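Read off the chains here:
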Amino acid sequence: LVDRGGLLALAVLVLYGALVQPHVVSGDNAEFAGLGQLGGVAHPSGYPAYVLWLRLWSWLPGTPAQCAGLATALLAALQILALHAAARAWGARALSAGVMVALYAAGPAVLRMHTEAEVFAGNGLVAALILWLAATDGPLRGRRRIVALGLIAGLGLANHLTCVLVAPVGLLGAVR
């Protein structure tokens, strides 16, 4: 569990879950909290993957802002797990991968954006998954790797258009 980052991801989920605010903290937070409860389309580009994720978790307890924050915290914990796996697949030892990921997770900007309704936790999860899948020691090979990279890239673009910036890493993984 420690070698694979599971304990760290669980700790991040508990910490972020405790830090989620029950009220709206920014403009996008209000929009996404409302969309999570009621459905609809967000400001351009619409962020369909994230809005669907919020709708999936709309049954969570608390205010709409708190519910959306908890759903985002879950995405952030998955991101931490994938980032640890990516660091390991690129050759980092378990301890150094854990320290690096913990430092990232404890950063003030990351703490703020991953404990409120904001698309960047999903964006980071997509980037971490692409890094993990593209690594030489990644979990998949051949066509399976290419299909998985394509699916993750599509989900990433449906979440936030800046995911295209990790395309060179995904293409490197496809070529391998």
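Above this text is the structure in question.
Presented here is an overview of the structure given in this document. (Residues numbered from 1 in each chain as written. Predicted model: local features only at pLDDT ≥ 70, side-chain atom pairs only at ≥ 80, totals over all residues. Heavy atoms only, no water.)

### Some points on the nonpolar core
Filter applied, for reference: Remark: nonpolar core denotes a set of buried residues (Ala, Val, Leu, Ile, Met, Phe, Trp, Tyr, Cys) joined through side-chain atoms within 4.5 Å. Between buried and exposed lies partly exposed: a residue is buried under 20% and exposed over 50% of the maximum accessible area for its type, with that area taken using a 1.4 Å probe on protein chains only. Only runs of H or I of at least four residues qualify as helices and only runs of E of at least two qualify as strands under DSSP, and these elements are numbered from the N terminus.
Tyr16, Phe32 and Tyr50 are the most contacted members of the largest nonpolar core, which has 37 residues in total. Broken down by secondary-structure element, the contributors of at least two residues to this core are helix H1 (6–19), helix H2 (27–38), helix H3 (48–56), helix H4 (64–89), helix H5 (94–105), helix H7 (120–134) and helix H8 (142–159). It is H4 that provides the largest number of residues to this core, a total of nine residues.

### What about the packing of H7 against helix H9 (residues 167–175)?
How two helices pack is summed up by the angle between their axes together with the distance between the axes. Test applied: In this description, a line fitted to the C-alpha atoms serves as the axis of each element, helices being fitted only across the stretch in contact, and the angle between N-to-C directions of two axes falls anywhere from 0 to 180 degrees. What sets the label is the angle itself: under 35 degrees gives roughly parallel, over 145 gives roughly antiparallel, 65 to 115 gives roughly perpendicular, and the rest give oblique. The sense of a crossing depends on the near helix, which, turned anticlockwise from the far helix by less than a right angle, makes the crossing left-handed and, turned clockwise, makes it right-handed. Only heavy atoms enter the contact rule, under which two residues are in contact if any of them lie within 4.5 Å. Only Asp, Glu, Lys and Arg are considered charged, only Ala, Val, Leu, Ile, Met, Phe, Trp, Tyr, Cys and Pro nonpolar, and every remaining residue, Gly among them, polar.
Between H7 and H9, the least distance of the axes is 8 Å, while the angle of their chain directions is 25°. When the axes of H7 and H9 are compared, the pair comes out roughly parallel. At the point where H7 passes H9, the crossing takes the left-handed sense. Packed against H7, whose contacting residues are Ile130, Leu131 and Ala134, the element H9 presents Val169, Gly170 and Gly173 at the interface. Taken together, the residues that form the contact of H7 with H9 break down as four nonpolar, two polar and no charged.

### Some points on H5
Because an α-helix completes one turn every 3.6 residues, residues spaced three or four positions apart along the sequence face the same direction. Put simply, the rule is: Residue count minus one, scaled by 1.5 Å, sets the expected span of a helix. Throughout, the arc means that of the directions going from the helix axis to the C-beta atoms.
For H5, spanning twelve residues, the distance from its first C-alpha to its last is 16 Å, which sits close to the expected 16 Å at 1.5 Å a residue. When H5 is considered as a whole, its buried residues turn out to be Ala94, Ala97, Gly98, Val101 and Ala105. Angular distribution of buried residues about the axis of H5 spans 100°; they occupy a single face of the element. Across from the buried face of H5, at angles greater than 90 degrees, the exposed residues are Leu95 and Leu103. Taken together, the buried residues of H5 touch H1, H4 and helix H6 (108–113).

### Regarding H4
When the terminal C-alpha atoms of H4 are compared, their 37 Å separation across 26 residues agrees well with the 38 Å that a helix rising 1.5 Å per residue should span. Burial analysis of H4 places 19 of its 26 residues in the buried class, which makes it a mostly covered element. Phi turns positive, to about 110°, at glycine 91, one or two residues after H4.

### Some points on the packing of aromatic side chains
Condition: Stacked, edge-to-face and tilted labels apply to pairs of Phe, Tyr and Trp rings (six-membered ring for Trp) whose centres lie within 6.5 Å, assigned for plane angles under 30 degrees, over 60, and everything in between, in that order.
All chains considered together, the criterion is met by four aromatic pairs. Ring centres 5.1 Å apart and planes at 85° place the aromatic pair phenylalanine 32 and tyrosine 50 in the edge-to-face group. With phenylalanine 32 in helix H2 and tyrosine 50 in helix H3, the pair connects residues that are 18 residues apart, well separated along the chain. Taking relative accessible area as the criterion, phenylalanine 32 reaches 0% and is therefore assigned buried. Using a relative accessible area of 1% as the deciding quantity, one classes tyrosine 50 as buried. Where tryptophan 57 meets tryptophan 59, the ring centres are 5.7 Å apart and the plane angle is 35°; that geometry is what we call tilted. Of the aromatic side chains, those joined through ring pairs into one cluster are Phe32, Tyr47 and Tyr50.

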